[in-house]
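Chain residues, written in single-letter form:
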Amino acid sequence: RKEVEQDPGPFNVPEGATVAFNCTYSNSASQSFFWYRQDCRKEPKLLMSVYSSGNEDGRFTAQLNRASQYISLLIRDSKLSDSATYLCVVNLPGSGGGADGLTFGKGTHLIIQP
Amino acid sequence: EAQVTQNPRYLITVTGKKLTVTCSQNMNHEYMSWYRQDPGLGLRQIYYSMNVEVTDKGDVPEGYKVSRKEKRNFPLILESPSPNQTSLYFCAYIRDATGGLSNQPQHFGDGTRLSIL
């Protein structure tokens, strides 16, 4: 069965530091990748899609390594407001939106400390 | 801001008393789905719907029903709730299905916290 694995953490990081975490996936046919952010007791919110060539959005950089089957999220100059759980999501092509193709990681808990 | 509205946001009820959690949208999204989120288990899909009158089971459909009689509403029905259905529930949608559903991220409603005693 397909799997998406994340280190649950928590990662305790001082404000201003750079932090990175990975998400590994088991199905090499996976085609679409996303990072979500979830605050405590709130809904997951799309942070960014992950493109093959890597992509950046402000302080956030997402990368895909197909050979080793992982995606990464790097946060530069971390802020207190970055404290949250970060979920990676992997989609298989042609899955039609069903659970057989869409897999959520269990999340990595990040705590930014003042 | 979420483009789907879930009701209720919180509910405490008792075993066996039928309940419905509504999910409504007015953005003409075709794809909608329901998830539950539990500690240590992450998000798991219950049911999804590609369009009106088209629904399919997700990972954990047992004990749940859905309907999609009209595009705007996708209610989740628990005919006989049990304590193991105590969870945080999210309705989700895809904004634009062009290019294939599997390429699109899902977006979530605000969530419904259900406690079944």
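Let me begin by describing the structure that accompanies this report.

Parameters at a glance
By convention here, each chain's residues receive numbers from 1 onward along its written sequence. All chains are assigned letters beginning with A, and all ligands numbers beginning with 1, in the order in which they are written. The predicted nature of this model means local features are confined to residues of pLDDT at least 70 and side-chain atom pairs, given and counted, to a pLDDT of 80 or more, with totals for whole chains, interfaces and linings taken over all residues. Remark: hydrogens and water are excluded; side-chain values derive from all non-hydrogen atoms of the structure. To qualify as a helix, a DSSP run of H or I must reach at least 4 residues; to qualify as a strand, a run of E must reach at least 2; elements of each kind are numbered from the N terminus. Each residue is placed in one exposure class: buried if its accessible area under a 1.4 Å probe, protein chains only, is under 20% of its type's maximum, exposed if it is over 50%, and partly exposed if it falls in between. Contacts are residue-level and defined by heavy atoms, with any inter-residue pair within 4.5 Å sufficient. Any two strands with at least two DSSP-identified bridges between them are counted as paired. The term disulfide is used for any two cysteine sulfur atoms that are within 2.5 Å. Between N-to-C directions, angles span 0 to 180 degrees; the directions come from axes that are lines fitted to C-alpha atoms, helices contributing only their stretch in contact. Pairing of aromatic side chains here covers Phe, Tyr and the six-membered ring of Trp, requires ring centres within 6.5 Å, and sorts the geometry by plane angle: under 30 degrees stacked, over 60 edge-to-face, intermediate tilted. Look at NZ for Lys and CZ for Arg. If either is within 6 Å of the ring centre and within 35 degrees of the ring normal, a charge sits over the ring. Definition of nonpolar core: a set of buried residues of the types Ala, Val, Leu, Ile, Met, Phe, Trp, Tyr and Cys, connected through side-chain atoms within 4.5 Å. For this document, the term salt bridge refers to a Lys or Arg side-chain nitrogen within 4 Å of an Asp or Glu carboxyl oxygen.

This next bit is on the overall build of chain B. Helix and strand content of chain B: zero helices and 11 strands. If you list the helices and strands of chain B from N to C, you get β-β-β-β-β-β-β-β-β-β-β. Over its C-alpha atoms, taken along the principal directions, chain B stretches across nearly 45 × 30 × 25 Å. Counting every position in chain B, which comprises 117 residues, the buried fraction comes to 50%. In chain B, 54% of the contacts between residues at least 6 apart in sequence involve partners at least 24 apart.

Quick look at the pairing of strand S3 (residues 19–25) of chain B now. Regular strands place their side chains on alternate faces of the sheet. Residue and element names in this part refer to chain B. Side chains of S3 alternate between two faces, with Leu 19, Val 21, Cys 23 and Gln 25 buried and Thr 20, Thr 22 and Ser 24 left unburied. By the bridge criterion, four bridges tie strand S1 (residues 4–7) to S3 in an arrangement that is antiparallel. In the strand pairing of S3, Gln 6 is matched with Cys 23. Relative to strand S8 (residues 76–78), S3 is paired through three bridges, and the arrangement is antiparallel. Bridge assignment links Thr 20 to a residue of S8, and that residue is Ile 77.

Moving on to the state of the cysteines. Residues and elements named next belong to chain A. Under the criterion given, the structure shown has two disulfides over all chains. In this model Cys 40 remains outside any disulfide bridge; the closest cysteine sulfur is found in Cys 88, 20 Å from its own. What makes Cys 40 exposed here is its relative accessible area of 70%.

The pairing of strands in a sheet happens through backbone hydrogen bonds and is either parallel or antiparallel. Strand order in the open sheet made by the four strands is S1-S3-S8-S7 (chain B), with antiparallel pairing throughout. The sheet is open, and its two borders are formed by S1 and strand S7 (65–66) of chain B, each paired with just one other strand.

With that settled, the discussion passes to the sheet that holds strand S1 (residues 4–6) of chain A. Residues and elements named next belong to chain A. Read from one edge to the other, the open sheet built from five strands follows the order S1-S3-S8-S7-S6, with strand pairing classed as antiparallel. The open sheet is flanked by S1 and strand S6 (55–57), the only strands paired with a single partner. Going across the sheet, the axis of each strand differs from the next one's by a mean of 20 degrees, ignoring polarity. Bridge count between S1 and strand S3 (residues 19–25): three bridges; the pairing is antiparallel.

Counted under the stated rule, the structure contains 12 aromatic pairs over all chains. Ring plane angle 75 degrees and centroid distance 5.9 Å describe the contact between A:Tyr36 and B:Phe108, whose orientation is recorded as edge-to-face. One end of the pair, A:Tyr36, is in strand S4 (residues 32–38); the other, B:Phe108, is in strand S10 (residues 107–108), on a second chain. Grouping residues by exposure puts A:Tyr36 and B:Phe108 together as buried. Grouped by ring-pair contacts, the aromatic residues A:Tyr36, A:Phe104, B:Tyr35, B:Phe90 and B:Phe108 constitute a single cluster. When the ring centre of B:Phe74 is taken as origin, the NZ or CZ atom of B:Arg68, which lies over that ring, is 5.9 Å away.

Attention shifts here to the nonpolar core. Looking at soluble globular proteins, one finds that nonpolar side chains tend to be buried together. Of all hydrophobic cores here, the largest spans 22 residues; its most connected members are A:Phe21, A:Trp35, A:Ile71, A:Leu73, A:Ile75, A:Tyr86 and A:Leu110. Of all the secondary-structure elements, those providing two or more residues to this core are S3, S4, strand S5 (45–50), strand S7 (60–65), strand S8 (70–75), strand S9 (84–91) and strand S11 (108–113) of chain A. Those residues in contact with A:Ile75 that lie beyond four places of it in its chain are A:Ala17, A:Thr18, A:Val19, A:Phe21, A:Arg59, A:Phe60, A:Asp82, A:Tyr86 and A:Leu110. Residues B:Leu19, B:Trp34, B:Tyr64 and B:Tyr89 belong to the second largest nonpolar core, which totals 19 residues.

A separate point is the pattern of salt bridges. When charged atoms on two side chains of opposite charge get close, those side chains can pair. All names here are of chain B. Going through the model one piece at a time under the given rule, you end up with nine salt bridges over all chains. Salt-bridge contacts for Glu 30 lead to Lys 71; the nearest nitrogen and oxygen are separated by 3.9 Å. In this pair, Glu 30 is assigned in the loop between S3 and strand S4 (32–38) and Lys 71 in the loop between S7 and S8, connecting sequence segments 41 residues apart. On the basis of relative accessible area, Glu 30 is assigned to the partly exposed category, the value being 36%. One salt bridge in this structure joins Arg 36 and Asp 38, with 2.8 Å as the shortest N-O distance.

Such coordinate-based values are descriptive only and should not be taken to indicate function.
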